[in-house]
Amino acid sequence: MSELSVKHLLGIKYLTEKDIQLIFSTADHFKEVINRSIKKVPSLRDITIANVFFENSTRTKLSFELAEKRLSADVVNFSAGQSSVKKGETLIDTVNNILSMKVDMVVMRHPNPGAGIFLAKHVDAAIVNAGDGAHEHPTQALLDSYSIREKLGDVAGKNVVIVGDILHSRVALSNIFALKLQGANVKVCGPKTLLPKYIESLGVEVEMDLRKALNWCDVANMLRVQNERMDISYFPTTREYTQQFGINKALLNSLDKEIVIMHPGPINRGVEITSDVADSKQSIILNQVENGVAIRMAVLYLLASKIK
Ligand code: CP
């Protein structure tokens, strides 16, 4: 039987192409399950999962919780804001206390890059990274590639441009790793100040002109400017950012071909993307959210099968 090459999902960087294809074929099965009238399967009936969120989330938290419940796992939710972290308890103490209540898997979002990697070395549970600072957001990249595959038939050979705040984006980094692993061509486009200096060493090209980038691509993944991770101004004004790197319907309609529009959410409507583009028939933003549940079911199911 096929299994993942890893015990934890800490980043796309640690996966193989075969792992990604196994996650996708497993997600195909679960997507069929969640579209049945009875959406639940008993696959994780003996597994307990803690969702440990030290940072805000709407999509990822709900999607993991739904995925866990659809698999019949027992679920506990922890939000740092209402916990003893506020009294100074450390990450390891917090998680070890949760694990002593016989928890098998931890899904964690944390503002510090590498928090999941650190935890995996110190606690005895399967760890799933639900976003660690500006480092990785592996399940987002998996659901993004899965959505491209669903819409265009394949990821290999497709031209994908990631637009916006690449510097602070864990979604960008995980997407670059996932897309390159599957043989897609990747460009990034955004203000020079929001492009990391090392970006070309990841095998991606930089295109500063948004119109050129959009005319080249099959898929544009529009990212949010992550103001919460910025302590200085990276561009003069939001208005200028929108003029140079935002997409609106006039720009979309003037392109040489029909492209697919993606966004990981949350959207800043009117900044990186206008409402008439986000809600257009070229947008697969809500398909991404729907696919997130099937992808997370696949990841949890495959990791649980490796727990001794
Ligand atoms: N895409 C994503 O991670 O959204 P949330 O921050 O709402 O989970």
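You'll find the structure just up there.
A quick note: this is a predicted structure, and the numbers were derived from the prediction, not measured.

Caption draft 1: Geometry of the environment of Ile49. Here Ile49 is to be found in strand β1 (residues 48-53). Accessibility expressed as a relative area gives 0% for Ile49, which makes it buried. Linking Ile49 and Ala304, residues 255 residues apart in sequence, is a C-alpha distance of 10.0 Å. Excluding anything up to four places from it in sequence, Ile49 contacts Leu44, Glu68, Ala73, Asp74, Val75, Val76, Val103, Met105, Val107 and Leu300.

Caption draft 2: Quick look at the packing of helix α1 (residues 17-34) against helix α11 (residues 285-304). Where α1 meets α11, the axes come as close as 8 Å, and the angle between the chain directions of the two elements is 120 degrees. As far as their axial angle goes, α11 and α1 are oblique. When you trace α1 past α11, the crossing you get is right-handed. Every residue of α11 that contacts α1 at Leu22, Ile23, Phe24, Thr26, Ala27, Phe30, Lys31 and Ile34 is listed here: Glu290, Asn291, Val293, Ala294, Ile295, Met297, Ala298, Val299, Tyr301 and Leu302.

Caption draft 3: Quick peek at the nonpolar core. One finds Ile23, Met105, Val128, Leu142, Ile295 and Leu300 to be the most contacted residues of the largest nonpolar core, which totals 44 residues. Looking at this core, the elements with two or more residues in it are α1, β1, α2 (59-70), β3 (105-110), β4 (126-132), α5 (138-152), α6 (170-181) and α11. Of the residues forming this core, the biggest block, 10 residues, is contributed by α11. For Val128, the contacting residues outside a window of four places in its chain are Leu9, Phe64, Met105, Val106, Val107, Met108, Val299, Leu300 and Leu303. Membership of the second largest hydrophobic core comes to 27 residues, among which are Tyr241, Phe245, Leu255 and Val271.

Caption draft 4: Spotlight on the packing of aromatic side chains. Across all of its chains, the model carries five aromatic pairs by this definition. Their ring planes at 75 degrees and their centres at 5.5 Å tell us that Phe30 and Tyr301 sit as a pair that is edge-to-face. Here the residue Phe30 occupies a position in helix α1, and Tyr301 occupies one in helix α11, the gap between them amounting to 271 residues. Summarising the aromatic geometry, the rings of Phe54 and Phe78 are spaced 5.7 Å apart at their centres and angled 55 degrees between planes, so their arrangement reads as tilted. Here Phe54 is found in the loop between β1 and α2, whereas its partner Phe78 is found in strand β2 (residues 74-79), with 24 residues between them in sequence. For the pair formed by Phe54 and Phe78, the shared burial category is buried. A network of ring pairs unites the aromatic residues Phe235, Tyr241 and Phe245 as a single cluster. If you follow Arg296 out to its NZ or CZ, it ends over the ring of Phe64, 5.0 Å from the centre.

Caption draft 5: View of the site of the ligand. Neighbouring the ligand are the residues Ser57, Thr58, Arg59, Thr60, Arg109, His137, Gln140, Pro264 and Gly265. Gly265 is positioned such that a nitrogen or oxygen atom in its backbone is 3.3 Å from a nitrogen atom of the ligand. Relative to its unbound accessible surface of 250 Å², the ligand loses 91% to contact with the protein. When the residues that make up the shell around the ligand are grouped by side-chain class, the tally is one nonpolar, six polar and two charged.

Caption draft 6: Highlighting the sheet that holds β1. Spatially, the four strands line up as an open sheet ordered β2-β1-β3-β4, and their pairing is parallel. A strand with exactly one partner marks an edge of an open sheet, and here the two such strands are β2 and β4. If you compare each strand with its neighbour and ignore which way they point, the axes differ by 15 degrees on average. Two elements, β1 and β3, share five bridges in a ladder whose sense is parallel. Paired with Ile49 across the bridge in β3 is Met105. Seen against the sheet, α11 touches β1, β3 and β4 and runs at an angle of roughly 135 degrees to β3.

Caption draft 7: How the structure looks around the pairing of strand β8 (residues 219-222). Burial of β8 is two-sided: the residues Val219 and Asn221 facing one way and the residues Ala220 and Met222 facing the other way are all buried. Pairing analysis gives four bridges linking strand β5 (residues 159-163) to β8, with the strands arranged parallel. Note on β8: the bridge partner recorded for Val160 is Val219.

Caption draft 8: Quick peek at unusual backbone geometry. Pro266 follows Gly265 through a cis peptide bond whose omega is -5 degrees. Relative to the elements of secondary structure, Pro266 occurs in the loop between β9 (260-262) and α10 (275-278). Unusually for a residue other than glycine, Ser72 sits at a positive phi of about 65 degrees. Look at Ser72 and you get buried, because its relative accessible area is 17%. For Lys102, which is not glycine, the phi torsion reads 65 degrees and is therefore positive. On the basis of relative accessibility, which here comes to 65%, the residue Lys102 falls in the exposed class.

Each value, and the rule that gives it
Residues numbered from 1 in each chain as written. Predicted model: local features only at pLDDT ≥ 70, side-chain atom pairs only at ≥ 80, totals over all residues. Heavy atoms only, no water. Helix = DSSP H or I, 4+ residues; strand = E, 2+ residues; numbered from the N terminus. Buried < 20%, exposed > 50% of the residue type's maximum accessible area, 1.4 Å probe, protein only. Contact = heavy atoms within 4.5 Å. Axes fitted to C-alpha atoms, helices over the stretch in contact; angles between N-to-C directions. Parallel < 35°, antiparallel > 145°, perpendicular 65-115°, else oblique. Left-handed = near helix turned anticlockwise from the far one by under 90°. Core = buried A, V, L, I, M, F, W, Y, C linked by side-chain atoms within 4.5 Å. Phe/Tyr/Trp six-rings, centres within 6.5 Å; stacked < 30°, edge-to-face > 60°. Lys NZ or Arg CZ within 6 Å of the ring centre and 35° of its normal. Near = heavy atom within 4 Å. Polar contact = N/O pair within 3.5 Å; in protein donor to acceptor, adjacent residues only side chain to side chain. Areas by Shrake-Rupley, 256 points an atom, 1.4 Å probe, with all protein chains shown as cover. Nonpolar A, V, L, I, M, F, W, Y, C, P; charged D, E, K, R; others polar. Pairing = 2+ DSSP bridges.

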